[in-house]
Amino acid sequence: MTIKPLIILPDPLLRQVSQPIEQVDSDVLKLADDMLETMYDAPGIGLAGIQIGVARRILVVDVTKEGEERNPLVIINPEIVASTDARSVYEEGCLSIPDYYAEVERPAGVTVKHIGRDGKEHVLEADGLLATCLQHEIDHLNGVLFIDHISRLKREMVIKKFTKAARGKI
C-alpha cells in the first residue's frame, strides 16, 4: 500500500466529476488499499478518489472511534437512492481543505446503492456520522465540496485564503 499526496483547494481537479468504474479488478483493489492507507495516515474518516487525483467513482470511509477496531468500507460507483426527511448538522472538515471546519446540514439518513470490493452490488443504510460522511464523499465524486453547503460569503473567504496560500502569499 502507498500513501498518496492529497489534492488541496483551489486545485480545479476537485471540481471534476468522477467517472464510473467498469469492473472491480486488481488495479481498483490496489487503489482502494492506497486510499485507505492515505486516509488513515492523514488522519481522516473518508476519502474520495478525486482527492488523490483519481477521477473515478470510488470512496473509502471508516467512522470508528480511536481505540476501536477499524471498520473500513470501500464504496464503488455509489448512488444515493433514498434519504430521510429528518436533517442533522455536523461540523465537517475535509482533507482537501485542511484546518477548516464548518457546520453543514444534510439528511440524517441515506440509503446508498454501490459496488463492494467483491464486485457485487450492495445496499447500505446509514445514519448519523456515517450518513454525513457518505454524503460528503459522494459530493466529491460529483465535483461538490462541503464549503458549497455554507454561505457564499464564508465559502468565498475560504477559497480566497487557499488560493493565496497556493500562490505562497500567506
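Since this is a predicted model, take the numbers as computed values, not measurements. (Residues numbered from 1 in each chain as written. Predicted model: local features only at pLDDT ≥ 70, side-chain atom pairs only at ≥ 80, totals over all residues. Heavy atoms only, no water.)

As a further point, take the UniProt feature "active site" (unreviewed entry) in the chain. The residues that UniProt annotates with the feature "active site" (unreviewed entry) are Glu137. Inspection of the secondary structure assignment puts Glu137 in helix H2 (residues 128-141). Beyond its immediate chain neighbours, meaning those up to four positions away, Glu137 contacts Gly46, Leu47, Ala48, Gln51, Leu59 and Val61. (UniProt positions renumbered as here; feature names shortened; annotations may be inferred. Helix = DSSP H or I, 4+ residues; strand = E, 2+ residues; numbered from the N terminus. Contact = heavy atoms within 4.5 Å.)

In this section: the UniProt feature "binding site: Fe cation" (unreviewed entry) in the chain. Mapped onto this structure's residue numbering, the UniProt feature "binding site: Fe cation" (unreviewed entry) falls at Cys94, His136 and His140. Spanning 47 residues, the annotated positions come together in the fold, the maximum distance between their C-alpha atoms being 10.2 Å. Lining residues of the largest pocket drawn from the annotated list: Cys94 and His136. For His136, the position within the fold is in helix H2. His136 sits in the buried class, given a relative accessible area of 7%. Excluding anything up to four places from it in sequence, His136 contacts Glu92, Gly93, Cys94, Arg106 and Phe146. Looking at the secondary structure, you find His140 in helix H2. Filtering out sequence-adjacent residues up to four positions away, His140 remains in contact with Leu14, Gln16, Ala48, Ile50, Gln51, Cys94 and Leu145. (1 Å grid on protein atoms, 1.4 Å probe; cavity = no way out; pocket = protein on both sides within 12 Å on 5 of 7 lines; lining within 4 Å. Buried < 20%, exposed > 50% of the residue type's maximum accessible area, 1.4 Å probe, protein only.)

A word on the layout of surface pockets. Where empty space is left in the structure can be found by rolling a water-sized probe over the atoms. Considered as a void within the structure, the largest pocket measures approximately 450 Å³ in volume. Along the wall of the largest pocket there are 21 residues; nearest its centre are Ile45, Glu92, Gly93, Cys94 and Tyr101. Listed by contribution, the elements that provide at least two residues to the lining of the largest pocket are strand S4 (87-94), strand S5 (97-107) and H2. Considered class by class, the residues forming the lining of the largest pocket number eleven nonpolar, six polar and four charged. (Points joined across faces, edges and corners; volume = space filled by probe spheres on them. Nonpolar A, V, L, I, M, F, W, Y, C, P; charged D, E, K, R; others polar.)

What follows concerns the state of the cysteines. For the structure on display, the rule yields zero disulfides. Of all cysteine sulfurs, the one in Cys133 lies closest to Cys94, which takes part in no disulfide; the gap is 10 Å. With relative accessibility at 10%, the residue Cys94 sits in the buried group. With a relative accessible area of 6%, Cys133 lands in the buried category. (Disulfide = S-S within 2.5 Å.)

The next point concerns the pattern of salt bridges. A full pass over the atoms with the stated rule returns nine salt bridges. As a salt-bridge pair, Lys30 and Asp34 come within 2.9 Å of each other at their nearest N and O atoms. Of this pair, Lys30 and Asp34 both sit in helix H1 (residues 26-41), four residues apart, which is roughly one turn of that helix. A residue is classified by how much of its surface remains accessible, and Asp34, at 3% relative accessible area, is buried. Of the charged contacts in the structure, one is a salt bridge between Arg152 and Glu156, with a shortest N-O distance of 3.1 Å. (Salt bridge = Lys/Arg side-chain N within 4 Å of Asp/Glu carboxyl O.)

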